Protein chains: 2
Amino acid sequence: MVKIGILGYGNLGRGVEAAIKKNDDMELVAVYTRRDPSTLTINTEGVAVKSTADLDTGKEPIDVLIICGGSATDLPEMTPKYAAMYNVIDSFDTHAKVPVHFANVDKAAQAAGTIGIISCGWDPGMFSLNRVYASAVLPDGKDYTFWGKGVSQGHSDAVRRIDGVKDARQYTIPVPEALERVRKGENPELTTREKHTRECFVVAEEGADLARIENEIKTMPNYFSDYDTTVHFITEEEMKANHSGLPHGGSVLYSGTTSDGTKHVIEYKLTLDSNPEFTGSVLVAYARAAAKLNAEGVKGAKTVFDIAPAYLSAKSGEELRSHLL
Amino acid sequence: MVKIGILGYGNLGRGVEAAIKKNDDMELVAVYTRRDPSTLTINTEGVAVKSTADLDTGKEPIDVLIICGGSATDLPEMTPKYAAMYNVIDSFDTHAKVPVHFANVDKAAQAAGTIGIISCGWDPGMFSLNRVYASAVLPDGKDYTFWGKGVSQGHSDAVRRIDGVKDARQYTIPVPEALERVRKGENPELTTREKHTRECFVVAEEGADLARIENEIKTMPNYFSDYDTTVHFITEEEMKANHSGLPHGGSVLYSGTTSDGTKHVIEYKLTLDSNPEFTGSVLVAYARAAAKLNAEGVKGAKTVFDIAPAYLSAKSGEELRSHLL
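Residues numbered from 1 in each chain as written. Chains lettered and ligands numbered in written order. Predicted model: local features only at pLDDT ≥ 70, side-chain atom pairs only at ≥ 80, totals over all residues. Heavy atoms only, no water.

(A) Focus on the interface of chain A and chain B. Taken together, the 64 residues of chain A in the interface contact 64 residues of chain B. Note on chain A versus chain B: buried area summed over both sides is about 5400 Å², and carbon and sulfur give 64% of it. Looking only at chain A, the three residues that lose the most surface to chain B are Tyr133, Arg321 and Leu325 of chain A, adding up to 15% of its buried area. Viewed at the interface, chain B and chain A are joined by 2 salt bridges. One salt bridge in this structure joins Lys22 of chain B and Asp140 of chain A, with 2.6 Å as the shortest N-O distance. On the surface where chain A and chain B come into contact, there are 23 residue pairs in polar contact (both at pLDDT 80 or more). Listing elements by their share of the side of chain A that touches chain B, those giving two or more residues are α4 (98-112), α5 (126-137), β12 (248-259), β13 (262-272), α11 (275-295) and α12 (317-323) of chain A. In terms of residue count, the dominant contributor to the side of chain A that touches chain B is β13 of chain A (11 residues). Residues that form the side of chain A that touches chain B fall into these classes: 32 nonpolar, 19 polar and 13 charged. In the sheet, β13 of chain A pairs with strand β13 (residues 262-272) of chain B via 9 bridges, with the strands oriented antiparallel. (Contact = heavy atoms within 4.5 Å. Buried area = accessible area lost by both parts, 1.4 Å probe. Salt bridge = Lys/Arg side-chain N within 4 Å of Asp/Glu carboxyl O. Polar contact = N/O pair within 3.5 Å; in protein donor to acceptor, adjacent residues only side chain to side chain. Helix = DSSP H or I, 4+ residues; strand = E, 2+ residues; numbered from the N terminus. Nonpolar A, V, L, I, M, F, W, Y, C, P; charged D, E, K, R; others polar. Pairing = 2+ DSSP bridges.)

This is the structure:
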């Protein structure tokens, strides 16, 4: 059994917890929290809820720690810190800061003889794998990533911060015509606006100025100003009834040429009922790989690019070759 | 530069040759043939055409030999033989005989200190990778493989062997309704007949009994009797004008559950203008991996499951993390 600790018990931590139940060779040993452990009830009976202070001793009986924190402030600090004590996995997703994060985790993990696999999930993660496989097989080509239809938690949070907004949900939606052009292998140049639209469902506070809220959303730099955005004001009941899930997904498309006029299109498409449960499932598969690799003496920071697929599976090499090749 | 030799110059050998031209770090050193080398003209100027007798010396100046033979009789003999002398890659695709082939290649490669990566292509190959990644991430799920629309060379050959048939092309076509049910995550049980149909274009010899040919095709065991098959008789001119390419493709679909009522669908889809050029491109990417891994001291038989994705790419780890993660 691979003994797993989960650090952080938000949506992602619960997604990891659900994923562990689907894997017979994985055992959840403890959930670690920065809150008072006595205030936290988890979904798995008989599993300890402990304080991060316990984790900080470096003596917890776990093979791999799955760190379920945010990329902005939690992971840059937590992943290197705990890589100095345990094998760790995270879902760090600030693309521009990956090199620094990788270097920090590598330094800690090399010194401690642990392994730290960063940026696991679907993007970065499964989508990244498909960009690398496709571009390695078809070097003369171009990749496209479309996200959605799905809930962007970052964009939903940004709308919630607007004055007069009680609750909000933001869907990212690929533009169907753009997707079709890429699927046909046209290799179009597409602007941000041509690739995705954004749709917001907003519960406003009573008496709030709806026109002002709509304008603030549509003109928000980085988040909305480069997109065609639709805003719908709805009731709290409608929000609860129709927008309580966290579905997401998208496609990585790659179009490449092997000789004059001979082209190939590769599409990897995810349709996910729950973003955190799928991301948690990817983290758990890479936790298995981390345990196996570290047992073989592998240490240091890794990404999904560095891990041979067989390490993710509970099946033996013989089983994989007989049944899945 | 990775120095490549190609053994066999049929459709697949020419596909490998085309792929090498798209990779700046790969160099085609020689094409080896069982024919008289003086009778063979290849598409790359300045590259030697040599006899397999030269290869048999074990002294050819190549880093990797890409073996472009058939799975029925060529590869079971050739891949172990040449793994005893060179790093080798093949596209062995007789699923049931993979364990024996793997063992034979492993024995030769372990003894010689070479690496032999078998069963590279798209199925087995890229499709296999997607079956392993998906089932590792979502262990509670089910995979489906649909092939086509595309030309099956094996089925085309089977039709050509019928008395009175001058030429034939067979297309494998997924049943759209079956594909849609799987895409929706319904996890249906599907029979062979429910998944694919077969369409044959046949040029008959003058005066041949068309009804007999059609009946022989439709009732042919293994190849056609389990499918709904359509047969069209066409002229040689129509065959040349409309059916001279070797397009293929298909989808690996995987539908899995992470908690009650929460499901996810993963689809990996290929749309290929040329089956042999795409397969050749996969072989070349794995040839790069073979050269890198053997330089690190790795030896023995491997499959795509054993190779970390970064080894396929000409880009460095830093570049991959900065641009594709």
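Now, onward.
(B) A look at α5 of chain A. Residue and element names in this part refer to chain A. Here α5 is 12 residues long and its end C-alpha atoms lie 17 Å apart, about the 16 Å a rise of 1.5 Å per residue gives. Burial of α5 is extensive: 12 of the 12 residues sit out of reach of the surface. Inspection of α5 places Met126, Phe127, Ser128, Leu129, Asn130, Arg131, Val132, Tyr133, Ala134, Ser135, Ala136 and Val137 among the buried residues, and these make up the whole buried set. (Expected span 1.5 Å × (residues − 1). Buried < 20%, exposed > 50% of the residue type's maximum accessible area, 1.4 Å probe, protein only.)

(C) Representation of the sheet that holds strand β5 (residues 87-89) of chain A in the model. All names here are of chain A. One open sheet accounts for 7 strands, arranged β3-β2-β1-β4-β5-β6-β14; its pairing is parallel. The two strands at the open ends of the sheet, each matched to only one other strand, are β3 (48-51) and β14 (300-302). Recorded for the sheet is a direction-independent mean angle of 25° between the axes of neighbouring strands. With 3 bridges connecting them, strand β4 (residues 64-67) and β5 associate as parallel partners. Within β5, the residue paired with Ile66 across the bridge is Ile89. The sheet strands contacting helix α3 (residues 74-83) are β1 (2-7), β4 and β5, and the helix crosses β4 at an angle near 175°. Of the strands in this sheet, β6 (115-117) and β14 touch α4, which is tilted by about 140° from β14. (Axes fitted to C-alpha atoms, helices over the stretch in contact; angles between N-to-C directions.)

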